[in-house]
Amino acid sequence: MTTGSTSGTWGSARRLLGFDLTGSAREGANLGRLLVLPAIAFTAVLIIYPLIVGINTSLHENVPTINAPADFVGLENYTNALKQPSVGSSAVQTVWYVLLALAIEIPAGLAIAALLHRNFRGRGLVMAVLILPWALPSVVSGVLWRRVFDPDSGLLNSALVQLGVIGEPHVWLADKGWATLFIVCVHVWGMLPLVALVFIAGMQAIPDDVYAASAVDGATPWKQFRHITLPLLLPSLVVALVVGTVNAINIFDEIYVLNGTALNTRSILMEVYNQTFIAGQFAQGLALAILVGLVTGALAIGYAMLLRRRTV
Amino acid sequence: MSGIQLERVSKEFPNGFVAVDGISLDVADGEFMALVGPSGCGKTTTLRMVAGLEEATAGTIRIGDRDVTDLPPRKRDVAMVFQSYALYAHMSVRGNIGFGLKMAGMPKAEIASRVDEAASILGMTELLDRKPRELSGGQRQRVAMGRAIVRRPAAFLMDEPLSNLDAKLRVEMRGEITALQRRIETPTLYVTHDQTEAMTMGDRVAILRDGVIEQLGTPGELYESPANMFVASFIGSPAMNLINGRCEMVDGRVTIAIGEARITIPDAVAAAHSELRGFAGREVCVGIRPEDFIDVADPADDDAVDVVVTRSESLGAELFVYFEEFAHARAQAAGAAGGLGNVGSAVDDLEATCRSTMVARLDRDCEVAVGERCRLRIDPTRVYLFDPETTGAIR
Amino acid sequence: MRPTPAANLVRVAGVTLLILWSLGPIVMGVMTSMSTQPETQQVPARWIPEDPTLDNYRALLGGEKISSDDAAADSSQYGRAIVNTALATVVTTAIVLAISVCAGYGFSRTEFKGSKQLLWIVLATMVIPIFTIVVALYKLMAELQLINTFAGLVLVYASSTAPLAIWLFYNYVRDLPPDPEEAALIDGCTRFGAFRRVVLPQMRSGIAALTAIVMLFVWGQFLIPLLLTSTEETKPVTVIITEFIGKYTTNYPLLTAAGILAVIPPAIIALVLNRHIRGMLSAGG
Ligand SMILES: Nc1ncnc2c1ncn2[C@@H]1O[C@H](COP(=O)(O)OP(=O)(O)OP(=O)(O)O)[C@@H](O)[C@H]1O
Ligand SMILES: [Mg+2]
């Protein structure tokens, strides 16, 4: 088909070149500019500008008072931050949080979705209950679970002693392994609803015909899950991975409530918090925060690329 | 002169796709113009340009004698019925119908009387206080119509307004819409992909393909003298049978050979097609409408073909007989279709239309049995001939 | 297809387990909050209070003073903290909602030079971890004397919530049918008129969902106020709650009562608007 027109009037030519929008298009463009303006201004002032200030600060010498002039030190803050032993241990700890959280959230989220994606009587109520833990402040999640793990008046200790599993109360949160597990448990309690919602939406997007057709073709439920549900659920899986990972990297509140800033369970964000606000090392803390941000962004992009690779 | 005029209107989307390519169309005042064509041919885009929802990238649009090309929709004085009806879910039926009048700043009392009038015309007075979600599909369709007519606009635009209705209601509404339009005499541009709808409703019908008008005419003109094979196969149901044949001169008379069969074109018909003599000894594409077959028993009869019935469908009043005759001719058709590649996109349609299964519409009392041979006479005055190279009709 | 009895059993068991898991901690918290402190220190532990008491709730809401021996905060500070949280939540939500409803619509329904690029910039800021911004904002706010002020807190809340809200709403509007708006344009509305009279009402469910999500998000903020608030006049409930935790002993009934009270508004929002919330979260995800 040939492009363009043979019409030679001035108006048409101007329109073709995009000089002159028709009334409606111009109106739309103007309204659009007006409507996005607050968001743009807001983003520029409260996100992009602070980000630039932050990056700039992280490249300068740390100064005790904020307004004091500081020398440019390049990446020194970054290397210094990485040299701290507590940074290394909290980074490793955070990796554990992420892996454990995903290891629970993904299969459990899938299971919940398999359970709830089809309609049944009372489903609405179950769904409402499902999202409740996600809606609660994570600080409160920590508070609600805290008594379970308390060494003295803890419900877990009490139950285990009564059952004779352990002889005497155990200080769970002092034990790095157990403490990590329990913190993840509390974190997952709050995050699982979101992951499950993502999977439920994904499963509902798969038309029922596909299942009917494959059932006619003789596929067993497992084969259906393996060959139909799972591949079609891949986009949801990536979203769930991104959501789960980003939230686990940023884990803070639950740890703070359950175990304070104790080194054995300290997450990387807590380390940033400590360096910046407890130790007053602004520049170094920012450097570390930016590094965490880069890793988070890289992971998100990595997941997105995983999705592209698999679907092409 | 009022009505709707499109002058060499084009639409090139930002991605470079030209959906509408220099369409000119003139809908006279009070005329019902149906715009029909296969999916994706640019019908909706054309309509949206007339409405002002889409900018024309070239050309001029006039409504009621005003150049509206650069005007926003609200200044064009058109009403549109959407395929989805696009009702305002948060307003009652009354609010929906009266919205346009309210926007025009009409006094409340007048709005109320106009809305009531429109509602009574459409027979939905008792629905006025419902919300759209409390209506059936057909009722929603009526609200959409009411919203359009109450405004008394300079033009009606309708984009497949009946396609979401069930078959029976669709036929009913067809009649209602045309009657309504006759009554209020507003020029109407009506988009549909259903040729029956276009043929039954339109004063004139424009057939669109790939953003270009293939033919524009009254339903009778389109049926009687399709300009090309595309139009020929698009109009009529079931579609015209298209098959390859050969134009020969026998004893000074034009004869079309289809496989073993010979059809002698009456002299008067041949004389009316001055180009036909030039095709002597050449391939032509022969079009035979299903309704132009006549069942005959006499084996000696001319202008007839022997067919083996593969399937028959009785619709009560009529009988559709499917057959795969012209086995010999079919091979030629395939060859011709291949050779037509240079005609561009015409070739896709050819492959669809030069299909091997043909169909004839016969009287219900014809006795045909599946698997049996049967001799069908073809009305020689009603044979359509096309140039296989250009796909155009031989005139 | 009719579910087999076995499948039904699995469903019932699964749903029961899910409800226990979701509500268990909350029910346990309610039990603890109605116990007395000595009761919670018994060995073996008492799960259900012998004589349920509302004393802790009374103290928290009535400004009475109960505390753990070595905790930083006591119950008399709680009422103020709830008010602080509620105020910050309402104001932040109003700001974020106005910004993101306009921008979400603007980006998905109108086109102008550079609109795609701007959208990308705004959405890309979602990847920037809140902490990077918070640290820098802390520095900026210290310069502007905004630390420990209500205004400062709300601005930071908004900046940490707006990109997500814009993204959610952008997706939402993109999936809305555009024809009612177009019908309104033909019916005589200007673009703005159609936005106000037809599109805004059409977006009601999305606006409700976004309101709920932003409110839940802001209500639960902890890290930001931990950094930016230091006095009773600004500290939100989440921060006060953590100050009820003693260094050596904790008054669990008081702590959990504080937690349960802080949970009531978000729980109500989540339960009442859960259909809308689910719709928007799964569409955005
Ligand atoms: N915004 C757009 N950008 C690019 N191409 C488009 C756009 N909108 C439509 N098209 C293309 O333009 C062509 C014409 O579209 P249009 O909607 O007018 O078809 P139609 O004739 O109404 O078809 P249907 O009967 O299926 O509704 C199609 O091929 C479509 O893919
Ligand atoms: Mg269309």
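Bear in mind that the values here come from a model prediction, so they are computed numbers and not experimental data.

Once that is clear, we can look at the interface of chain C and chain A. In this complex, chain C contributes 89 residues to the contact, which on the side of chain A involves 80 residues. Both sides together, the interface formed by chain C and chain A hides about 7,700 Å², and carbon and sulfur atoms give 82% of it. Our count for the chain C to chain A interface comes out at zero salt bridges. One can count three residue pairs in polar contact (both at pLDDT 80 or more) joining chain C with chain A. By residue number, the principal contributor to the side of chain C that touches chain A is helix H1 (residues 5-33) of chain C, which donates 14 residues.

We now examine empty space enclosed by the protein. For the structure shown, the criterion picks out four cavities of 30 Å³ or more. Roughly 50 Å³ of volume is contained in the second largest cavity. Broken down by secondary-structure element, the contributors of at least two residues to the lining of the second largest cavity are strand S6 (78-81) and helix H4 (137-149) of chain B together with helix H8 (179-186) of chain C. Looking at the lining of the second largest cavity residue by residue, the class counts come to seven nonpolar, no polar and two charged.

All chains considered together, the criterion is met by 19 aromatic pairs over all chains. Pairing Trp 178 of chain A with Phe 182 of chain A gives two aromatic rings, centres 5.8 Å apart and planes at 25 degrees, and the pair type is stacked. A residue pair is termed a helical-turn pair when its members lie 3 or 4 positions apart in one helix, as Trp 178 of chain A and Phe 182 of chain A do in helix H8 (residues 176-204) at four residues. Residue Trp 178 of chain A is classed as partly exposed on the basis of its relative accessible area of 38%. A residue is classified by how much of its surface remains accessible, and Phe 182 of chain A, at 10% relative accessible area, is buried. Ring geometry for Phe 169 of chain C and Tyr 172 of chain C: centres 5.4 Å apart, planes at 35 degrees, overall tilted. Placement of both Phe 169 of chain C and Tyr 172 of chain C in helix H7 (residues 150-174) is noted, with a separation of three residues, approximately one turn of the helix.

Residue and element names in this part refer to chain B. Looking at ligand 1, the residues that line it are Phe 13, Asn 15, Phe 17, Ala 19, Ser 39, Gly 40, Cys 41, Gly 42, Lys 43, Thr 44, Thr 45 and Glu 160. Note that an oxygen atom of ligand 1 is positioned 2.5 Å from one of the side-chain N or O atoms of Ser 39. Measuring from an oxygen atom of ligand 1, one finds a side-chain N or O atom of Glu 160 at 3.4 Å. Surface burial for ligand 1 is 63%, taken as the share of its 640 Å² of free accessible area covered by protein chains. It is helix H1 (residues 43-51) that contributes the most residues to the shell around ligand 1, three residues altogether. Residues of the shell around ligand 1, tallied by class, amount to four nonpolar, six polar and two charged.

Moving on: a nonpolar patch on the surface. Residue and element names in this part refer to chain C. A cluster of nonpolar residues, Leu 87, Val 90, Val 91, Ile 95 and Phe 150, forms a patch on the protein surface that exposes about 370 Å² of accessible area. Relative to the helices and strands, Leu 87 is located in helix H4 (residues 78-109). Relative accessible area serves as the criterion here: at 46%, Leu 87 is assigned to the partly exposed category.

This brings us to the sheet that holds strand S7 (residues 155-159) of chain B. Residues and elements named next belong to chain B. Overall, mixed pairing links the six strands, which are arranged S6-S7-S8-S3-S9-S10 in an open sheet. Sheet topology places S6 and strand S10 (212-217) at the edges, where each strand pairs with a single neighbour. Within the sheet, the average angular offset between the axes of one strand and its neighbour, ignoring direction, is 20 degrees. The pairing of S7 with strand S8 (residues 188-192) spans four bridges and is classified as parallel. Bridge pairing in S8 places Asp 159 opposite Val 191. The strands that H1 touches are strand S3 (32-36), S6, S7, S8 and strand S9 (204-209); relative to S7, the one it contacts most, it runs at about 150 degrees.

The rules behind these values
- Residues numbered from 1 in each chain as written.
- Chains lettered and ligands numbered in written order.
- Predicted model: local features only at pLDDT ≥ 70, side-chain atom pairs only at ≥ 80, totals over all residues.
- Heavy atoms only, no water.
- Contact = heavy atoms within 4.5 Å.
- Buried area = accessible area lost by both parts, 1.4 Å probe.
- Salt bridge = Lys/Arg side-chain N within 4 Å of Asp/Glu carboxyl O.
- Polar contact = N/O pair within 3.5 Å; in protein donor to acceptor, adjacent residues only side chain to side chain.
- Helix = DSSP H or I, 4+ residues; strand = E, 2+ residues; numbered from the N terminus.
- 1 Å grid on protein atoms, 1.4 Å probe; cavity = no way out; pocket = protein on both sides within 12 Å on 5 of 7 lines; lining within 4 Å.
- Points joined across faces, edges and corners; volume = space filled by probe spheres on them.
- Nonpolar A, V, L, I, M, F, W, Y, C, P; charged D, E, K, R; others polar.
- Phe/Tyr/Trp six-rings, centres within 6.5 Å; stacked < 30°, edge-to-face > 60°.
- Buried < 20%, exposed > 50% of the residue type's maximum accessible area, 1.4 Å probe, protein only.
- Near = heavy atom within 4 Å.
- Areas by Shrake-Rupley, 256 points an atom, 1.4 Å probe, with all protein chains shown as cover.
- Patch = residues over 30% accessible without salt bridge, like charges linked within 9 Å, V, L, I, M, F, W, Y side chains within 5 Å.
- Pairing = 2+ DSSP bridges.
- Axes fitted to C-alpha atoms, helices over the stretch in contact; angles between N-to-C directions.

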